[in-house]
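One letter stands for each residue in the lines below.
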Amino acid sequence: MKVVVIGGTGRIGRRLVRKLDQLGATAIAAAPSRGVDALTGAGVAEALAGAEILVDVSNAPSLDGATALQYFEAAGRNLLDAGREAGIRNHIVLSIVGVDRLLDQHYFQAKKRQEELVRASGVPFTILRSTQFFEFIAAVVQDGTEGEIPISPALAQPIAAADVAETLAELALGEAAGQTLELAGPERFRLDDVATEIATAFEDGRRIVADVHARYFGAELQETSLLPGPNARIGSLRFEDWLRDCLKVQSCAEQAGPGPSVEHPGGIPTHPQAASPMLPTK
Ligand SMILES: NC(=O)c1ccc[n+]([C@@H]2O[C@H](COP(=O)([O-])OP(=O)(O)OC[C@H]3O[C@@H](n4cnc5c(N)ncnc54)[C@H](OP(=O)(O)O)[C@@H]3O)[C@@H](O)[C@H]2O)c1
């Protein structure tokens, strides 16, 4: 079975491609760096030829609201049109738990728009909303240039990227759910406590400061904004075990999100031009 992973070179995408390969599917990593651009549509039809399943784990080139909205609107339409043409029988999208509660911010409006396009398309679909990836929180901590990093103390149930990829692989090999599912990690924490654990583990001198006004993708969080509902699927990797594993390789962060990334000589990725998604907006 051919599965096309749009964003197949990203944090979730490359894990998903690997997992699908292990499970015997023919997984294609589609991304601009591989000649497939969902925003312009270039290369999309060619990539989807003969495919049964499309998984969209791509991201906008910038977290900026207008750019993100433009990306998810245009890419969403291009992928759905091409998927319909190719006879895709499950169009899977990775979204964010709590997206409905954070709509005063543009990035979440953009993700909501991506979901709406899929629901209205008539194409068989599955929407998976995930909580924050451990790797994403680590990236925010390790990309921080200040000695003190303000992080919201909102409750969170973060998850390992490996668990997200595993769930997406399972969905890709099943039938279209025609509904929105949720996925979360096995434990509940305060976001700033997770960040503190990561900063402490790497002993890199940064200090996490709990700040209820610290922004998450531009949104000020309420206590429960990021929590999943009672029916969420639950990943298996506990934070402590994930942290122990990534300490062995000296970095847990990988990419912080959209924007150019350069590898720090010490192995910690930095994003000189990307605003941190969890820092207060000035
Ligand atoms: N961060 C979180 O905690 C979190 C939680 C829940 C859901 N999500 C969602 O999960 C998704 C994936 O996140 P991620 O962290 O894995 O993203 P990521 O690491 O930033 O990867 C983004 C991927 O999108 C590709 N891409 C960029 N522009 C594209 C275009 N025009 N056409 C096709 N592909 C394009 C990139 O390709 P190149 O390698 O060629 O640049 C890359 O493969 C996002 O939609 C995000 O909203 C994130």
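This text follows the structure it describes.
From a predicted model like this one, the values you see are computed outputs, not experimental measurements.

Caption draft 1: Expanded view of the site of the ligand. As a matter of local geometry, the ligand sits amid 28 residues, with Gly7, Gly10, Arg11, Ala31 and Ser33 nearest to it. Going through the elements one at a time, α1 (11-22) and β4 (90-96) are the ones with two or more residues in the shell around the ligand. Sort the elements by how many residues they give to the shell around the ligand and α1 lands first, with three residues.

Caption draft 2: Summary view of the nonpolar core. Counting residues in each nonpolar core, the largest one holds 89 residues, and the members touching the most others are Val4, Val5, Leu16, Leu54, Val55, Leu168 and Ala195. Per element, the largest residue contribution to this core is eight residues, and it comes from helix α6 (residues 161-172). With residues up to four places along the chain from it excluded, the contact list for Leu168 reads Leu16, Val55, Ile92, Leu94 and Leu128.

Caption draft 3: Inspection of the pairing of strand β2 (residues 26-30) at higher detail. Burial within β2 is extensive, with four of its five residues counted as buried. Bridging between strand β1 (residues 2-6) and β2 involves five bridges; their strand directions are parallel. Bridged to Lys2 within β2 is Thr26. Crossover β1 to β2 through α1 is right-handed.

Caption draft 4: Region of the structure containing the pairing of strand β8 (residues 180-184). Summarising the sheet, strand β5 (residues 125-130) and β8 pair through four bridges and their orientation is parallel. Within the sheet, the bridge partner assigned to Leu128 lies in β8 and is Leu181. Of the pairings in the sheet, the one linking β8 to strand β13 (residues 233-234) comprises two bridges and is parallel in character. Residue pairing for β13: Leu183 is matched across the bridge by Arg233.

Caption draft 5: Fine view of the sheet that holds β8. Strand order across the open sheet formed by seven strands is β2-β1-β3-β4-β5-β8-β13, with parallel pairing between neighbours. This sheet does not close on itself; its edge strands, each paired only once, are β2 and β13. Both strand β3 (residues 53-56) and β4 contribute to a ladder of four bridges, which runs parallel. Following the sheet pairing, Val55 is matched in β4 by Ile92. Sitting on the sheet, helix α3 (residues 65-86) touches β1, β3 and β4, and the angle it makes with β3 is about 170 degrees.

Caption draft 6: Looking closely at the environment of Ile92. Looking at the element boundaries, Ile92 is found in strand β4. When the C-alpha positions of Ile92 and Ile53 are compared, they lie 7.8 Å apart, and in sequence the two are 39 residues distant. Beyond its immediate chain neighbours, meaning those up to four positions away, Ile92 contacts Leu54, Val55, Asp56, Thr126, Leu128, Leu168, Leu171 and Ala172.

Definitions and limits used
- Residues numbered from 1 in each chain as written.
- Predicted model: local features only at pLDDT ≥ 70, side-chain atom pairs only at ≥ 80, totals over all residues.
- Near = placed C-beta within 6 Å.
- Helix = DSSP H or I, 4+ residues; strand = E, 2+ residues; numbered from the N terminus.
- Core = buried A, V, L, I, M, F, W, Y, C linked by C-beta atoms within 7 Å.
- Buried ≥ 20, exposed ≤ 12 C-beta atoms within 10 Å, placed from the backbone.
- Contact = placed C-beta atoms within 7 Å.
- Pairing = 2+ DSSP bridges.
- Right-handed = clockwise from strand over helix to strand, strands pointing away.
- Axes fitted to C-alpha atoms, helices over the stretch in contact; angles between N-to-C directions.

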